[in-house]
Every structure is written in structure tokens, then in C-alpha cells.
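Observations on the model geometry
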Amino acid sequence: MKRQTIALACCFLAAAAYAHAAEPSPQCPQTTSALYARIHSIGLDPQRVYHVRGATIDRPNLHIDFDDGTLAFTEDICGRTTGAFFDGEGEVRLRPPNRAERGSLALFTGMAILEEQFSTGYLRFNDDTAAVLQPFLTPAEDAAEFIKQWNDTSLALAGFDGLRLLLDFSHFLPTSAGNESARNFQPLLHAHLLGKMLGGFEVVWDPANAEPLWAGQPRMKDGNLFFDIWTSFAPAGSAAPPVVDASITNFRIRASVEPPTRLRASTDVNVHILSGGERTLLFELSRYLKVEAIESDGRPVDFIQNPAIEGSELRRKGNDLVAVVFPAPLAPRQELKLHFRYAGDVLSEAGKGLLYVGERGTWYPNFGLSPAQFDIEFHYPQDWTLVATGKPTSRAVGEVGETNADDGTDKVSRWVSERPIPVAGFNLGKYVRAEARAGNVVVEAYGTKGVEKSFPKAQDEVVSPILPSNPRQRLSPIDPVVVSPPPPSPARDAQAVADRAALAITSFSQWFGPYPYDSLALTQMPGLMSQGWPGLVFLSSFAFLSPHEQADLHLGAVAREIDNQVLVHETAHQWWGDLVLWNNYRDQWISEGLANYASLLMLEQQNPVQFRQVLDKYRSDLLSKNNEGEWLRDAGPVTFGQRLDSSHFPNGYDEISYERGTWLFHMLRTMLRDAEAATHSQKGRPHSLSEEPFFRGLRKIRERYAGKSISTQELLRVFEEELPRPLWYENHHKLDWFLKSWIEGTAIPRLEAHEVHFNEKNGVTTVTGVIVQKDAPNDLVTAVPVYAAMPGNTLTFLGEVLADGQETAFHLPAPHAARKILLDPRQTILTKAK
Ligand SMILES: [Zn+2]
């Protein structure tokens, strides 16, 4: 879900008013495949090689200077110039707009503002960039030599924006009426630069993205390829991002699963077009599934299933896209019925009776995150059990959900979503089933008798399996390891799994509001990763293990506890991530932080000491350095989302969005609770969690955002409705200070109380002092609970102080016997340990 949200922003270009409407051209390729081939493999034009001097390309916050050198344009496509290669002396300057983005740029480049000289540059564009450069060009003498030297490089780089440019250039194709269709382009500029200090890197300006300007670099580290995003943002004054113009309202999928590897499917999707004008729509689909045919309203349509890796941004991590080119521009409010037929080897057998479906997030054509209705029918062999999202619906009288196919060889099961859901998934294995209940909700656990071939031997050291767990996460195969007897048995543990999930659903329903579906199925999945889907959890084999089996694996005490939390974490995603979605990559921390904090809340109820141990472990993780001596917290704030995974911090996303994200929700919960207690001291603290303001807010979010996405700002607006007076910063009924200081910041300060004096006047005791925030930015605002130590080693809460910057004076009433001041003794704030 997260990656595609950014990458596919370009699929639905708003029909905004940009210059350069398409003009008919006789040289235009006349078919989709010929046009795509031309865009994808365009070479340099030997007739257009120039000497360039003093040219500049300007975009908001970005300047690219071509001081002196040679430049050749690419050959035209449909009468337009779309690329150029430069060799010489150039300089790029890029200015991020805020501290977080400057910090990110500094982490990767050593510069808070990018100023880098480059020696070569390849530009791809769809606007008037060629005309802008023209006045600075004079004919070059060594044209042939230049072409010979750089044409191959240009050809290789031309492939990077193939599908992005096809979205625009498909408007030059003949329409079903015989004409070309007019179309405005969103101006793209993609520069591949070879920096003198920084090596090869990319800078992109593309207003089709919500964040039009970004820069980044592919980098190998320890044998793994990363794409480091240096910075990404919308410059001040940018137009609003384009509105998503197409949404899928209905899926009807007929799939046949042939273990161990093959899936064959036909999928009908109903697409609703908003304002129209597109010739091309991009769909996500695993590259391992080969599309055989696509029909629109019963008629075949052209499509391109990109065989190569597309270059732009995060999309590079898995370019699983299909471009569907329509015979004419789509009309406003058009309803399309598309039919896809495809097949491929997307499954693999991870162990006896245990399948592993790689790239499963894109096993049907989809885009965006809008919830839709799913009706899915599976055909599969008799000896397997299949569990999918939705409610099993019997085709015939007999077994619920499953019937035998007419020919008697296959099982058939049909699954219909109870409400619109953002994604659909399935899992199959030779399972043993266990069942528990949480009120009216049926909770099922499905485990196989064995574990995957890759499962570690009993004496192996195992890393904690708390790993990304949303359905959109791509999975990576696991290296096989020899199994040592006796193997653990998830089937034996299935009842305990169902019971624990049922317990979590009971608590979460009280805290967050009703569970959204009739049932939850937890199915065993090979590997360390778990994933939550609507009404369905793929649960890592590790999370099925009994305490005894875990002991055999020598999981450390805290790691084991985290491991046990995985099933609760995934259950919490039913509310946070699957029912309430996140808005874009900057908001994904909400889903992970909340699901993880929910699982810790369960732990707090059962074992407060372990709850503290986990929070302390997170704190020490967040205060750690990598092997190069870089602080993890310098990877960036939670709002960087998947960008946090980089060559510097390969697990940065997990560590920061889960661990800092969990701390942020703990801070929010405790400061709302403590500040409310301070204003209603006679009432005292709430007797149950669900009475706390934090949970009142969460239930409002559950109600208002069910089936919708929520942004970080929207989340805070809801909590502001519960905001007690002591948390109003500068008399504003707002949490902007928490957003700026803590959510969009990276600080982990140290808090100290200085100059503390107790004063007695007319029998009333007050205490004054100064709260000092160390190792913190000058504008850090923190809600600090202040306590007094009382005789007998008890603590009395005095009040909540908003510490602002390095020193903040406070003045609070205190009990007569108070003798000492303690700041946040219960460690509710993410600070350095005392
Ligand atoms: Zn998760």
C-alpha cells in the first residue's frame, strides 16, 4: 500500500491547464507497442549536437546550470523533443524547505542544501525544456564523436520513464474515431546526473506527484541495492496534488490455484472515472503474472506490461505495472468494465503442505487504496485448505464456503467481502483448524503440522520476527536451512493462537469500537513476516510457537515477548491499517505505531513490567548508532515512512515507525490522561482504559474514518477535541506543537529540574523551578508531568508543564510535606534514560 501510493500518483493526471497541448503529427507511431518502443529506446539525434554555454533550467527550489559543454537532444517523438545528454561542466542546486528535509539531505550528501558539480547529465522531459535551452546552443564540431561516445548511455537511460511518458504520448495515438486526441501534459523533468563528489544521482520534478520534487540515488551496501531518497517535498506555493481520477468499485476474481507454483485468474473490475481525459491507466500487477488479454466493455484493448525495471523513485523496488491504453480518451463519469486474463508462477512450496505466495500483494490488477467490494472464487486441489478475505459463501448446499467442482477434481470456494475493503488476499496450506469466539466474532487459526524448510534449527540464534506487516509489503524469499528434529508444530499451537486473538478482539472492541467483520482467520505463513488483511492474518510460523518451542529456539526474553505480540499487533491492524487506512507514505507510521502500541497495551494489562521492558528496549534502539557511527535518530522522523529504509539504516523504517511511533502514541495517551487528571483532580484518574481521552479519540477515529484514509494532521484534529487545558500551547486549542516537535522531529531530549524552591506562604506550599531540555532543538515543546516525592517514597502528581525550548520556569502548588521534585518519574516521555 505504502509504496504504490507515491509511485502511482502519476497514473491519474489531473486535467490541469498546462501549456503544450498535443498536436497531430504524421511521424507518430500508430500503435501502442510501437509508440512505447520508441519512447523506451529513443537515441540521440546526430543532427542536433550543440555546444552549450551558460544555460539554466529552473524549477521551484531547483536550479540546474549547464556552464560549458556539449549537449545533444534525443530524436523526436511525435514532433516533440523529450531528452538530452550533456557532457561538460554543470552544477545543480536544490534547497529543501524545512529542517527534516535538510537533515535528510545532509545524512546522504553531507550538505543541508545540495550544491554539486556534475560532469554528465541525461535529461528526460515532456515540456518546453528543449526550447528553453535553445538560445544557449551553438553548433558543435565533433558531433559524430559525441554521438558515438554517449548514444548507448542515452539509450539505456531512456527506458526509465517509459510508462510515465506513455501516459502523455498515448494521446497521440489514433482514436477509435480516427483522430488524435488533444491532451495537456503535466511537465516532467527527470535528470540523471554524475556528480563530482556524490557519483550518479537523480533529481525529478513531476507535479503529477503529491511531492513534485525529489532527489535520490541507488546505492549498494553489503550486497543489497538500496534507493536512497535524499529529499522529497512540495515546494511552497505548489499547486494542490492532482486528484485521483479513477477508482475501482468492484472486483470479481475467478482464480485457479495449482500448487506448488501456479496461479491462473480472470478478473473483472468496475472502474469509475471522475473527470476523464486519460488515454492510459496504470494498474499494479506482479511481474510474475503474465497478462494474456485485457478487454474493456467486451472489446480487446491495448496494454503494455512493462518487462523492465522502471526508474522513478520507489517504484524501482518493484515495478509491477500494466498500462492499459484505451481506444479514445475516457469520458467524465464513465463507468468501465475491464476484464483481465493472466497466469504465472507466483507461488512456491516452503515446506510440506505450506505454500508461499511471493508478490501476493499484486495478484490481481489494482491501483490506489480505495476500498472496494470483492467477489472471489477459487479452484484448488482437494487436499488443500484455502482461506481468503471476505465471507465464505456456499455455491451449493453442503460445506460452508467449499464445494467440489462439477468435474469432481477440484474444490471451489467463494469469498464475498462484507464491506468495501482496500485489499484482498488468500492463503492456502494443509491446515489443521482451531476456533475461538470473541462475542459474535468467530476467530479461527489455521496451522500446518510442520514448519517451512527454512525454519532455523533449535540452536540457531534468531532475530526478532517483528517486521513489516501490512498487506502491501513485498515479501522476500528466505534461504533454505536444514531442519533439525523435532520440528515445532503450528497445528498443535493453533488453539492457543485463536484464544489469544479472541482475547485481543474483546479488549480492542472496548477500546477502539466494534470489530468490523464477522470473523478473523489467522493462517500460518512461512518466514518471519506477518501481514494483516481485512478479516485475515498471515501469521509467521514463529508466532504460532508455544513457549516451549520458543525456548528451544533460544529467543531472548524480550525478543520472545515481542514475538508473542505479533499476533496481537496483526489483530490490531484490523482496526488500524485495514479499516482505517493511512493517507500517504508520511502517514503510514499511524498504522504501525497504533497497531504496535495496541499490542503493548494488551501486554501492559497482563504484565506491566514486561511492558516497561519493551518500551525501554525501544528507547535504547532509538538511541543506537550504526556501524558507521551514525545515530539512528538522524535517519529522520516517523513521517519519512519507507524512506527511512536506506543504505545507511537498512531497517530504519521498522525501527523508527514502530518504535518511535509506539512511543509517540504512549506520550499522546499519557499526556492527555495526566493533563485531564490535573484539570479534574476531584474526579481522579479514569478507572478503565476506555474512559481515557486517548481512547475516546480513537473510537471517534474508528467511527469517522472507517473505510477511509486518515492523515497525521486529521488524527491530531480528533485528539484536539479531547485536549485538556494544560496542553494548550500559547493558549491555542491545538496539537501543532506535538506535531512539529515530536512527530515531525527526531529529538530524544534529556529533562532536568533546576533551581527548585519550595515556598510556604499563609500555610500554602508552592514549588518553583526551571525545566531544562538538553540535547534538544531550541524550539522543542514537551508536556512534562511534574511530581513531588513524599515521605514514605510515594509520588504526588503536581501538574503538567509545557516545557518550551531549553529553559522553562514553572510554578505549581504542592502538598505541605513535599520535599523533592521529579520530572516524569513514570517515564511517559521518550527521553534519554535517567
Ligand atoms: Zn504492522
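Residues numbered from 1 in each chain as written. Predicted model: local features only at pLDDT ≥ 70, side-chain atom pairs only at ≥ 80, totals over all residues. Heavy atoms only, no water.

**Section: the overall build of the chain**
Of the regular secondary structure elements, the chain holds 16 helices and 38 strands. Looking at the chain as a whole, 59% of its 834 residues qualify as buried. Long-range contacts, defined as pairs at least 24 residues apart, comprise 72% of the intrachain contacts of the chain with a sequence gap of at least 6. In the structure as shown, the chain presents an accessible area of about 31700 Å², 52% of it carried by carbon and sulfur atoms. (Helix = DSSP H or I, 4+ residues; strand = E, 2+ residues; numbered from the N terminus. Buried < 20%, exposed > 50% of the residue type's maximum accessible area, 1.4 Å probe, protein only. Contact = heavy atoms within 4.5 Å. Areas by Shrake-Rupley, 256 points an atom, 1.4 Å probe, with all protein chains shown as cover.)

**Quick notes on helix H15 (residues 712-720)**
Within H15 the residues assigned to the buried category are Thr-712, Leu-715, Leu-716, Val-718, Phe-719 and Glu-720. Check the buried side of H15 and you find it contacts helix H11 (588-606), helix H13 (652-679), helix H14 (693-704), strand E32 (709-710) and helix H16 (736-743).

**Concerning the side chain of Ser-646**
As for its position among the elements, Ser-646 is in the loop between helix H12 (608-622) and H13. By relative accessible area, Ser-646 is classed as buried at 1%. Not counting residues up to four positions away in its chain, the partners in contact with Ser-646 are Phe-108, Phe-226 and Asp-228.

**Section: the sheet that holds strand E37 (residues 807-814)**
The pairing of strands in a sheet happens through backbone hydrogen bonds and is either parallel or antiparallel. With respect to topology, 3 strands assemble into an open sheet ordered E33-E34-E37, the strand pairing being antiparallel. On the outer flanks of this sheet lie strand E33 (750-761) and E37, each paired with one strand and no other. Shown here is a sheet whose adjacent strand axes are inclined to one another by a mean of 20°, direction ignored. In this sheet, strand E34 (residues 764-774) lies alongside E33 in antiparallel orientation, the contact comprising 10 bridges. Among the inter-strand pairings, Leu-751 is bridged to a residue of E34, identified as Gln-773. (Pairing = 2+ DSSP bridges. Axes fitted to C-alpha atoms, helices over the stretch in contact; angles between N-to-C directions.)

**Focus on the layout of surface pockets**
Estimates place the volume of the second largest pocket at around 1000 Å³. Forming the walls of the second largest pocket are 44 residues, and the residues nearest its centre are Asn-98, Ala-100, Pro-637, Thr-639 and Glu-744. Put simply, the parts of the chain that give the lining of the second largest pocket at least two residues each are helix H3 (99-109), strand E9 (224-233), H15 and H16. Split by residue class, the lining of the second largest pocket holds 18 nonpolar, 15 polar and 11 charged. (1 Å grid on protein atoms, 1.4 Å probe; cavity = no way out; pocket = protein on both sides within 12 Å on 5 of 7 lines; lining within 4 Å. Points joined across faces, edges and corners; volume = space filled by probe spheres on them. Nonpolar A, V, L, I, M, F, W, Y, C, P; charged D, E, K, R; others polar.)

**Focus on the state of the cysteines**
The bond known as a disulfide is covalent and runs between the sulfur atoms of two cysteines. Going through the model one piece at a time under the given rule, you end up with 1 disulfide. Across a sulfur-sulfur distance of 1.7 Å, Cys-28 and Cys-78 are joined as a disulfide pair. The S-S bond linking Cys-28 to Cys-78 shows a torsion near 95°; that makes this disulfide right-handed. Highlighted residues: Cys-28 in the loop between helix H1 (2-7) and helix H2 (32-40) and Cys-78 in the loop between strand E2 (62-74) and strand E3 (83-94), separated in sequence by 50 residues. Comparing Cys-28 with Cys-78, the two get one shared label, buried. (Disulfide = S-S within 2.5 Å.)

**Examining H16**
Residues three or four positions apart in an α-helix share a direction because the helix packs 3.6 residues into each turn. In terms of burial, H16 is a largely internal element, 6 of the 8 residues being buried. Among all positions of H16, only Trp-737, Phe-738, Leu-739, Ser-741, Trp-742 and Ile-743 are buried. Elements that come into contact with the buried residues of H16 comprise H11, H13, H15, strand E35 (781-790) and strand E36 (794-804).

**Side note on unusual backbone geometry**
With omega at 5°, the peptide bond leading from Pro-259 into Pro-260 counts as cis. In the Ramachandran plot, Asp-222 falls in the positive-phi region, its phi being about 50° despite a non-glycine side chain.

**Observations concerning the confidence of the model for the chain**
The predicted model of the chain averages 86 in pLDDT, with 85% of residues at 70 or higher. Note that residues 310-318 has pLDDT below 50 and, in this model, 35 contacts with residues that lie over four places away or in other chains. (pLDDT = per-residue confidence, 0-100.)

**What about the side chain of Gln-524?**
Relative to the helices and strands, Gln-524 resides in strand E28 (residues 519-525). A distance of 2.7 Å separates a polar side-chain atom of Gln-524 from the backbone nitrogen of Thr-448. (Polar contact = N/O pair within 3.5 Å; in protein donor to acceptor, adjacent residues only side chain to side chain.)

**Quick look at the nonpolar core**
Core analysis: the largest hydrophobic core is formed by 196 residues, its most contacted members being Val-271, Phe-378 and Phe-738. The element that contributes the greatest number of residues to this core is H13, accounting for 11 residues. Filtering out sequence-adjacent residues up to four positions away, Phe-378 remains in contact with Ala-255, Val-257, Trp-363, Leu-386, Ala-388, Lys-411, Val-412, Ser-413, Trp-415 and Phe-426. In this structure, Cys-28, Ala-72, Ile-147 and Phe-160 belong to the second largest nonpolar core, which totals 38 residues. (Core = buried A, V, L, I, M, F, W, Y, C linked by side-chain atoms within 4.5 Å.)

**Points about the packing of aromatic side chains**
Overall, the coordinates contain 39 aromatic pairs when judged by the stated rule. Taking the centre distance of 6.0 Å and the plane angle of 65° together, the rings of Tyr-50 and Phe-73 count as edge-to-face. Here Tyr-50, found in strand E1 (residues 44-59), pairs with Phe-73, found in strand E2; they are 23 residues apart in sequence, far enough to count as distant. Here Tyr-50 matches Phe-73 in class, with each residue buried. A ring pair is formed by Phe-172 and Phe-185, whose centres lie 6.1 Å apart and whose planes are at 80°; its orientation type is edge-to-face. Here Phe-185 lies in the loop between helix H6 (162-169) and strand E6 (189-195) and Phe-172 lies in the loop between H6 and E6, a separation of 13 residues in the sequence. Its relative accessible area of 1% is what places Phe-172 among the buried residues. Assessed through its relative accessible area of 3%, Phe-185 is described here as buried. The cationic tip of Arg-633 hangs over the ring face of Trp-631; the distance from NZ or CZ to the ring centre is 5.0 Å. Across the ring face of Phe-640, the terminal group of Arg-643 is positioned such that the distance to the ring centre comes to 4.0 Å. (Phe/Tyr/Trp six-rings, centres within 6.5 Å; stacked < 30°, edge-to-face > 60°. Lys NZ or Arg CZ within 6 Å of the ring centre and 35° of its normal.)

**Describing the pattern of salt bridges**
Pairing between side chains becomes possible if they bear opposite charge and their charged atoms approach one another. What the rule picks out here adds up to 40 salt bridges. A salt bridge links Glu-444 to Arg-433, with the nearest nitrogen and oxygen atoms 2.9 Å apart. Linking Glu-444 in strand E27 (residues 441-448) with Arg-433 in strand E26 (residues 431-438), this pair joins segments that are 11 residues apart in sequence. Exposure remark for Glu-444: the relative accessible area of 13% places this residue in the buried category. Among the ionic pairs, Arg-696 bridges to Glu-722, the shortest N-O distance being 2.9 Å. Residue Arg-696 is found in helix H14, and its partner Glu-722 is found in the loop between H15 and H16; the two are separated by 26 residues along the sequence. Relative accessible area serves as the criterion here: at 11%, Glu-722 is assigned to the buried category. Through salt bridges with shared partners, a single ionic network connects Glu-676, Arg-696, Lys-700, Arg-704, Glu-721 and Glu-722. (Salt bridge = Lys/Arg side-chain N within 4 Å of Asp/Glu carboxyl O.)

**Quick look at the environment of Ala-55**
As for its placement among the helices and strands, Ala-55 is situated in strand E1. Taking the relative accessible area as the measure of exposure, Ala-55 reaches 1% and is therefore buried. Residues Ala-55 and Val-132, 77 residues apart in the sequence, show an inter-C-alpha distance of 8.3 Å. What Ala-55 contacts, discounting residues up to four positions off in sequence, is Ile-64, Asp-65, Phe-66, Leu-133 and Phe-136.

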